[in-house]
Amino acid sequence: MKKYHLDYLGQLESEAIHIMREVAGQFERPALLFSGGKDSITLVHLALKAFRPGKFPFPLVHIDTGHNFPEALNYRDAMVERLGEKLIVRKVEDTIKEKNLTEQKGKFASRNALQTYTLLDIIEEFKFDALIGGARRDEEKARAKERIFSVRDEFGQWNPKLQRPELWNTYNGKIHKGENVRAFPISNWTELDVWNYIRSEKIDLPSIYFSHEREVLKHEGQLVAVSEFITLEPTDVILKKRVRYRTVGDMTCTAAVESNATKIDDIINEIIATKTSERGETRIDDRVSEAAMEDRKKGGYF
């Protein structure tokens, strides 16, 4: 019998596909959370490998804050049309109106925290019992505490002290009524792994991941895109810089990095040279406190 040897990326891919198929097999109403970022794009590519030639056994779900990069939305719509898969979009702005929520004030007023309400509402609306996401353990401290199958209680809350053991490739999807699971197929991947996989698989990405010229505002050492969603002051100095994005969140809370990298090989070389995680370098909302992400996750955030 011929033996097949998987290289490192092949092993990661195989594990991720196995996890996706476990989600499809163990849960009745799963969904895949899609943001238009490289990690969720990688998940869609993995889902193609896991389930084609059939259709995905779950819809794609996008929580639209209204503060997205246009490039990410354009990519999302073109991708869904090309693949012919189901996309469900729910807008945070609608949730704000329905629940009379108070939006954040200030220079970089973000709707990031308010996404939780929309996410919990869509889980209730469609009775989703599992949500597949692209979180990785190298992104941020709180993410490193989660299992691949991470249980949320009936209120959508996460308790980091109540994590299930995961031995080898055995994942326990048993939940009580009202609970749901967040599943992370690329939890064991790093940012560099994702980029190497994108290069290997020739996956297309939104243009903002590559170097381009953009008007930015320098704030506390970070370069934030000038947009209608931030409040400019008379003393602000607007610069034109060649930048790219390591991660894609809202325009109000995601900073760019100066870069001339127009090709994936250039980006990979930059990542190898850097000592800062992508979120640590580019996410304004994670700088609120040491436990900013963990606090949001405990409240039901992805």
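Given the structure is predicted, the values throughout are model-derived calculations rather than measurements. (Residues numbered from 1 in each chain as written. Predicted model: local features only at pLDDT ≥ 70, side-chain atom pairs only at ≥ 80, totals over all residues. Heavy atoms only, no water.)

Peer 1: Please clarify how the overall build of the chain should be interpreted in this entry.
Peer 2: A count of helical and extended segments in the chain gives nine helices and 10 strands. Classification of the 302 residues of the chain by burial places 53% in the buried group. Long-range pairs, those at least 24 residues apart, make up 74% of the contacts in the chain with a sequence separation of at least 6. Carbon and sulfur atoms make up 50% of the accessible area of the chain, which totals about 15,000 Å². (Helix = DSSP H or I, 4+ residues; strand = E, 2+ residues; numbered from the N terminus. Buried < 20%, exposed > 50% of the residue type's maximum accessible area, 1.4 Å probe, protein only. Contact = heavy atoms within 4.5 Å. Areas by Shrake-Rupley, 256 points an atom, 1.4 Å probe, with all protein chains shown as cover.)

Peer 1: Would you mind going over the side chain of Ser259 with me for this structure?
Peer 2: Its place among the elements puts Ser259 in the loop between strand S10 (255-258) and helix H7 (264-273). Setting aside its immediate chain neighbours within four residues, Ser259 contacts Ser211, Arg242, Val243, Arg244 and Glu270.

Peer 1: Looking at this model, I keep getting lost on unusual backbone geometry. Mind explaining?
Peer 2: Of all residues except glycine, most have a negative phi; of all peptide bonds, most are trans. Geometrically, the link from Arg52 to Pro53 is a cis peptide bond, its omega value of 15° lying close to zero. Within the secondary structure, Pro53 is located in the loop between helix H2 (38-51) and strand S2 (60-64). In the Ramachandran plot, Lys202 falls in the positive-phi region, its phi being about 55° despite a non-glycine side chain. Residue position: Lys202 is located in the loop between helix H6 (191-201) and strand S7 (212-219).

Peer 1: Which parts of the structure should I look at to understand the packing of aromatic side chains?
Peer 2: The relative placement of two aromatic rings is captured by the distance of their centres and the angle of their planes. In total, this model carries nine aromatic pairs according to the counting rule given. When the ring of Phe56 is compared with that of Phe58, the centres are 5.7 Å apart and the planes differ by 45°; the resulting orientation is tilted. For the residue pair Phe56 and Phe58, the accessibility class agrees, reading buried in each case. Geometrically, the ring pair formed by Phe149 and Tyr171 is tilted, given 5.5 Å between the ring centres and 35° between the ring planes. Placement of Phe149 in strand S5 (residues 149-152) and of Tyr171 in the loop between S5 and strand S6 (180-183) is noted, with a sequence separation of 22 residues between them. By relative accessible area, which is 2% here, Phe149 ends up buried. Tyr171 sits in the buried class, given a relative accessible area of 5%. Joined through ring pairs, the aromatic side chains of Phe27, Phe149 and Tyr171 make up one cluster. (Phe/Tyr/Trp six-rings, centres within 6.5 Å; stacked < 30°, edge-to-face > 60°.)

Peer 1: What am I meant to see in the sheet that holds S2 here?
Peer 2: On the basis of which strands lie adjacent, the open sheet formed by six strands has the order S3-S2-S1-S4-S6-S5 and mixed pairing. The open sheet has two edge strands, strand S3 (87-91) and S5, and neither has a second partner. This sheet shows a mean twist of 30° between the axes of neighbouring strands, independent of strand direction. Pairing of strand S1 (residues 30-33) with S2 involves two bridges; the strand directions are parallel. The residue bridging Leu33 from the neighbouring strand is Val61, located in S2. Contacting S1, strand S4 (130-132), S5 and S6, helix H1 (residues 8-26) runs over the sheet at an angle of about 40° to S5. Helix H4 (residues 92-99) rests against S2 and S3 of the sheet, and its axis sits at about 45° to S3. (Pairing = 2+ DSSP bridges. Axes fitted to C-alpha atoms, helices over the stretch in contact; angles between N-to-C directions.)

Peer 1: Would you take a moment to explain H1 for this structure?
Peer 2: Spacing of three or four residues puts side chains on the same side of an α-helix, whose turn is 3.6 residues. Relative to the 27 Å expected for 19 residues at 1.5 Å per residue, H1 spans 27 Å between its end C-alpha atoms, a close match to the ideal helical length. Every buried residue of H1 is listed here: Leu9, Gly10, Leu12, Glu13, Ala16, Ile17, Ile19, Met20 and Val23. Check the buried side of H1 and you find it contacts S1, H2, S4, S5, S6 and H6. (Expected span 1.5 Å × (residues − 1).)

Peer 1: How do you make sense of the environment of Tyr75 when you look at a structure like this?
Peer 2: Residue position: Tyr75 is located in helix H3 (residues 70-83). Once the C-alpha coordinates of Tyr75 and Ser207 are considered, the two residues, 132 residues apart in sequence, prove to be 9.0 Å apart. When neighbours within four sequence positions are excluded, Tyr75 is seen to be in contact with Phe34, Ile41, Asp204, Leu205 and Pro206.

Peer 1: Help me out: how do you make sense of the layout of surface pockets in this one?
Peer 2: By rolling a water-sized probe across the atoms, one finds the places where empty space is left. By volume, the largest pocket amounts to about 360 Å³. Contributing to the lining of the largest pocket are 17 residues, with Ile123, Glu124, Phe128, Gly178 and Glu179 lying nearest its centre. It is helix H5 (residues 115-126) that contributes the most residues to the lining of the largest pocket, three residues altogether. Residue classes in the lining of the largest pocket are distributed as five nonpolar, four polar and eight charged. (1 Å grid on protein atoms, 1.4 Å probe; cavity = no way out; pocket = protein on both sides within 12 Å on 5 of 7 lines; lining within 4 Å. Points joined across faces, edges and corners; volume = space filled by probe spheres on them. Nonpolar A, V, L, I, M, F, W, Y, C, P; charged D, E, K, R; others polar.)

Peer 1: Looking at this structure, I do not really get the pairing of S1. What am I missing?
Peer 2: Moving residue by residue along a regular strand, the side chains alternate between the two faces of the sheet. Of the two faces of S1, the one lined by Pro30 and Leu32 and the one lined by Ala31 and Leu33 are each fully buried. Strand direction decides the pairing type here: S1 and S4, joined by three bridges, are parallel. The partner of Pro30 across the bridge, within S4, is Ala130. The parallel pair S1 and S2, bridged by H2, forms a crossover whose chirality is right-handed. (Right-handed = clockwise from strand over helix to strand, strands pointing away.)

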